[in-house]
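For reference, the chains in residue letters:
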Amino acid sequence: MPRVTELGITIGELPSGPSRSILDVPGVGVGHATVWRDEDPPPAGRGVARTGVTVIDPGGNAFREPIPAGGAILNGAGECTGFMSAQEWGLAETPIFLTSTMQLGRVYDAACELLMESEPGIGDDDVVIPVVAECDDSFLSESRRMQVTRDDVAAALDAARSSAATAAADRAAGRPVTPPAEGAVGSGTGMSCLGFKGGIGTASRVLPSGHTLGVLVMTNFGERGRLTVAGVPVGQLLPPAPAPTAPPAGSCIVIVITDAPIDPAGCRRLARRAGLGLARTGSTAHHASGEIFLALATGLRAPRGTVSPVTALQGRQLDPFFAAVVEAAEESVLNSLLNAPTVVGRSGNSSEGLPVDRVAALLALHS
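Residues numbered from 1 in each chain as written. Predicted model: local features only at pLDDT ≥ 70, side-chain atom pairs only at ≥ 80, totals over all residues. Heavy atoms only, no water.

A. A look at helix 6 (residues 319-338). With 20 residues, helix 6 ought to run about 28 Å at 1.5 Å a step, and its terminal C-alpha atoms sit 29 Å apart, in line with that. Helix 6 sits mainly inside the fold: 17 of its 20 residues count as buried. (Helix = DSSP H or I, 4+ residues; strand = E, 2+ residues; numbered from the N terminus. Expected span 1.5 Å × (residues − 1). Buried < 20%, exposed > 50% of the residue type's maximum accessible area, 1.4 Å probe, protein only.)

Here it is in structure tokens:
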């Protein structure tokens, strides 16, 4: 399936990184575990599962070397564990786990166990609160049964760590870095966005300073009529939906990572700009939607309990990074739509894949 640039679309003014994904940020990896099953509905079985887990690994040991972080909430009808401590301390101490609403507790438990197994200091030297964020995929996935297992979380975490290692090896060897899977995969399997099938999307930007900023989104928000692609009101120009679509209020998680030296206050400002990127695609942040954004900056990373001697970027130096977040967030949402096929889930509910050929024709007509 095409990504934004393959349709001839240019979002914003800043250049993309080589893979046009969050993997362009050194050290970062992304892994998915997709849960797809068809069983009898409860209580006889677990029902139809269209869900999963996605992990963003910032690289290295986040417990021994926490990452400066900050977040923002556009509309707070959602959950992100570890968000409050990140806001208070300005640090992220774990990889970031994404899943569906009713699976959050399971993923949190598994994340604690897995992280303690890989880092003995967790629970001994200090405790951690893993970052686990969710969106509601119950339109397509049976939420009355726990669908995600510890093995699924372990598989996604292992895949994220392998992804980081593979990206680093490819860069060192001069090979192109392959972007992570997008659309209906991992935690994005059951998500719907702007009246079509949504899911996972990612994009990157290279700053004039030479730093890289990447964004990954889990999209599950918005109404079909508001879908906007590169400024074209595509949702108004496409035919009406053939069947009922997912409710417009379902949330969006945006993860921003950069290798620039940006402090926690700057990270909070970066995170806040993600909402502007969502708005450019058609988001109005519905009453029951959870738009939760988290930004991490590895350029000021330092051993636990110490402070980096590097000078943080401040004031107007952040302006290009603000633009990068807006552009990459917008492009990530569109990539999540372009890469997601039609998915039929529980009760026969269907989330239609974006008709790429029709969208391309509309963009050509309005260019």
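B. Structural detail: the nonpolar core. By size, the foremost hydrophobic cluster in this structure holds 49 residues, and its most contacted members are Leu213, Val254 and Ile262. Those elements that provide at least two residues to this core are strand 11 (212-219), strand 12 (252-258), helix 5 (264-281), strand 13 (290-297), helix 6 and helix 7 (356-365). Formed by 31 residues, the second largest nonpolar core is a distinct cluster that contains Leu23, Ile56, Phe83 and Val131. (Core = buried A, V, L, I, M, F, W, Y, C linked by side-chain atoms within 4.5 Å.)

C. The arrangement of the sheet that holds strand 2 (residues 48-57) in detail. With mixed pairing, the 5 strands of this open sheet are ordered in space as 1-2-6-7-4. Of all strands in the sheet, those bounded by a partner on one side alone are strand 1 (29-38) and strand 4 (80-81). In terms of strand pairing, strand 6 (residues 96-100) meets strand 7 (residues 131-135) through 5 bridges, oriented parallel. By the bridge assignment for strand 7, leucine 98 is matched with alanine 133. (Pairing = 2+ DSSP bridges.)

D. Looking closely at unusual backbone geometry. Proline 43 follows proline 42 through a cis peptide bond whose omega is 10°. Despite not being glycine, alanine 230 has its phi angle at roughly 50°, a positive value. Within the fold, alanine 230 resides in the loop between strand 11 and helix 4 (234-237).

E. Region of interest: the packing of helix 5 against helix 6. Two numbers describe how helix 5 lies on helix 6: the axes approach to 7 Å, and their chain directions differ by 45°. Accordingly, the angle class assigned to the pair helix 5 and helix 6 is oblique. Every pair of crossing elements has a handedness; the one defined by helix 5 and helix 6 is right-handed. On helix 6, the residues that touch Arg269, Leu270, Arg273, Ala274, Leu276, Gly277, Leu278, Arg280 and Thr281 of helix 5 are Phe321, Phe322, Val325, Val326, Ala329, Glu330, Val333 and Leu334. Grouping the amino acids of the contact of helix 5 with helix 6 by side-chain chemistry returns 11 nonpolar, 2 polar and 4 charged. (Axes fitted to C-alpha atoms, helices over the stretch in contact; angles between N-to-C directions. Parallel < 35°, antiparallel > 145°, perpendicular 65-115°, else oblique. Left-handed = near helix turned anticlockwise from the far one by under 90°. Contact = heavy atoms within 4.5 Å. Nonpolar A, V, L, I, M, F, W, Y, C, P; charged D, E, K, R; others polar.)

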